[in-house]
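An overview of the molecular structure
Okay, here's what each chain looks like letter by letter:
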2 protein chains.
Amino acid sequence: WRYKVDEVHADSSTFVAGVSKSQAYDQVLTQATALFAHQTNWVCNTANTASLLYHALQALPSPSNKVNWAGFYVLDPSHPNQLILGPFQGKVACQTIKFGKGVCGAAAQSEKTHIVPDVEKFPGHIACDSESRSEIVVPVMKEGKVVAIIDIDCAVEEGFNWEDMKHLEELAGLLADACVW
Amino acid sequence: WRYKVDEVHADSSTFVAGVSKSQAYDQVLTQATALFAHQTNWVCNTANTASLLYHALQALPSPSNKVNWAGFYVLDPSHPNQLILGPFQGKVACQTIKFGKGVCGAAAQSEKTHIVPDVEKFPGHIACDSESRSEIVVPVMKEGKVVAIIDIDCAVEEGFNWEDMKHLEELAGLLADACVW
């Protein structure tokens, strides 16, 4: 991709208008790989990854550019079977989510990616932000256990497809391996 | 302020256009107090605080609405005298900063708020993002030691004044007390 991978710079989250979804995710994965090469701190790495994802999706045509929240929930060190808010880009978000509750909790419990084309039709949806209309949640699995989830919300219905899923699952694998959780 | 403080919701980072800087920071402090009331996790609390700050400043007239980065660096648990990136809103950022380096490192070392009207004139400025033109950094002090810094960048010169400093120092005190660092 067009950016050097040996420097950390805000330009790594500058995405050229007109790139395809595949190209944008390629840039995210290339930059994330470079960022994680010498850094294992999960807070630092998820903070930069949320920025990469948010700016990548904003650079794409609709519906991707209607993404209004991109970030992470991680295992709550204080409460078993509960997620707690990690780094994100977007508006203020729910602090904790029990396993099994809402789309995030369902993905964490089932250990499977959830693509929800219309969150209002998802049983037990947690409406942190009434603007959100669709959502994708991808578990980050380390040694067979969920350590975090990638959560992205979109302000229009059907914001995500198989292509988001494919690349985000690759990113989740990268994060799982790169970070000390 | 106009929002209920007993619920966590994206609306808490919705700031009405036309509010004064003082009113916007009042909303930040009110919402932060509510968010921290039952939550001591520093990652969760700084993630929501970065969102509150970024959206508050975006709602104000220039220069505040030219803020292009708002977030946190914390003590690096792996390296003494080094800061590591925490939750933020904006583009990808430098992962680690040594005490004494750049504006963030200077504020951490001196334990004093730094307002820099023109970052290009600051000796040793770290240009994570060439768009940034001015900066404010406020240390978060717990029991006499720096545990984190609040860092905000603006894309125009002279983005911050005594009013930002006053309210951000209050916020830093709130964060210091509320979180387990």
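Further up the page is the structure itself.
This text gives an overview of the structure that appears in the document.

On to the relation of the copies chain A and chain B. Relative to chain B, chain A is turned by 180 degrees and slid 0.0 Å along the rotation axis, the superposed coordinates differing by an RMSD of 0.0 Å. Within this description, the copies of the chain are treated as partners about a two-fold rotation axis. Looking at the rotation axis and the C-alpha trace of chain A, the residue lying nearest is Pro87(A), at 2.4 Å. Same-surface contact between copies: 100% of interface residues of chain A are shared with the interface of chain B.

Considering soluble globular proteins, one finds that nonpolar side chains tend to be buried as a cluster. Membership of the largest hydrophobic core comes to 124 residues, with the highest contact counts inside it found for Tyr73(A), Ile150(A), Ile152(A), Tyr73(B), Ile150(B) and Ile152(B). At ten residues, helix H2 (residues 42–58) of chain A tops the list of elements feeding residues into this core. Leave out the neighbours within four places in its chain, and Ile152(B) touches Leu53(B), Leu57(B), Val67(B), Trp69(B), Ala70(B), Ser134(B), Glu135(B), Ile136(B), Phe160(B) and Leu168(B).

The next point concerns the environment of Ala10(A). Here Ala10(A) lies in the segment before helix H1 (21–36). Remark: the alpha-carbon pair of Ala10(A) and Pro139(A), spanning 129 residues in sequence, is separated by 27 Å.

So, about the interface of chain A and chain B. When the parts of a complex come together, some accessible area is lost, and that lost area is often taken as the interface size. Taken together, the contact between chain A and chain B spans 36 residues of the former and 36 residues of the latter. When the two sides are added together, the surface that chain A and chain B hide from each other amounts to roughly 2800 Å², 57% of it contributed by carbon and sulfur. For the chain A face of the interface with chain B, the top three residues by lost area are Lys91(A), Val92(A) and Gln95(A), together amounting to 23%. Between chain A and chain B we count zero salt bridges in total. Put simply, chain A and chain B have 14 residue pairs in polar contact (both at pLDDT 80 or more) between them. The dominant element in the side of chain A that touches chain B, judged by the number of residues it contributes, is H2(A), at nine residues.

Moving on to the sheet that holds strand E6 (residues 145–154) of chain B. The strands that make up a sheet are held in pairs by hydrogen bonds between backbone atoms, and each pair lies either parallel or antiparallel. All names here are of chain B. The strand order E3-E2-E1-E6-E5-E4 describes an open sheet built from six strands, whose pairing is antiparallel. Bordering the open sheet on either side are strand E3 (96–98) and strand E4 (114–116), each of which pairs with just one other strand. Each adjacent strand pair in this sheet contributes to an overall mean axis angle of 25 degrees, direction not counted. Where strand E2 (residues 82–90) lies against E3, three bridges are found, and the strand directions are antiparallel. Bridged to Gln82 within E3 is Lys98. The sheet strands contacting helix H3 (residues 102–110) are strand E1 (67–75), E2, E3, E4, strand E5 (134–142) and E6, and the helix crosses E5 at an angle near 30 degrees.

With the rule as written, the count across this model stands at two disulfides over all chains. One disulfide in the model links Cys94(B) with Cys128(B); its S-S distance is 1.8 Å. Taken together, the residues Cys94(B) in the loop between E2 and E3 and Cys128(B) in the loop between E4 and E5 connect sequence positions 34 residues apart. Given a relative accessible area of 11%, Cys94(B) falls into the buried group. There is no disulfide at Cys104(A), and the cysteine sulfur nearest it, in Cys128(A), is 8.0 Å away. Note on Cys179(B): no disulfide assigned, nearest cysteine sulfur contributed by Cys44(B) at a separation of 8.7 Å. When its relative accessible area of 1% is taken as the criterion, Cys179(B) is described as buried.

Attention now moves to the packing of aromatic side chains. Inspection of every chain in the model, using the stated rule, returns six aromatic pairs over all chains. Measuring from centroid to centroid gives 6.1 Å for Trp69(B) and Tyr73(B), while their planes differ by 25 degrees, and the two rings are stacked. The two residues Trp69(B) and Tyr73(B) agree in class, both being buried. Taken together, the ring pairs connect Trp69(A), Tyr73(A) and Phe88(A) into an aromatic cluster.

So, how was this worked out
Residues numbered from 1 in each chain as written. Chains lettered and ligands numbered in written order. Predicted model: local features only at pLDDT ≥ 70, side-chain atom pairs only at ≥ 80, totals over all residues. Heavy atoms only, no water. Least-squares fit on C-alpha atoms with pLDDT ≥ 70 in both. Contact = heavy atoms within 4.5 Å. Core = buried A, V, L, I, M, F, W, Y, C linked by side-chain atoms within 4.5 Å. Buried < 20%, exposed > 50% of the residue type's maximum accessible area, 1.4 Å probe, protein only. Helix = DSSP H or I, 4+ residues; strand = E, 2+ residues; numbered from the N terminus. Buried area = accessible area lost by both parts, 1.4 Å probe. Salt bridge = Lys/Arg side-chain N within 4 Å of Asp/Glu carboxyl O. Polar contact = N/O pair within 3.5 Å; in protein donor to acceptor, adjacent residues only side chain to side chain. Pairing = 2+ DSSP bridges. Axes fitted to C-alpha atoms, helices over the stretch in contact; angles between N-to-C directions. Disulfide = S-S within 2.5 Å. Phe/Tyr/Trp six-rings, centres within 6.5 Å; stacked < 30°, edge-to-face > 60°.

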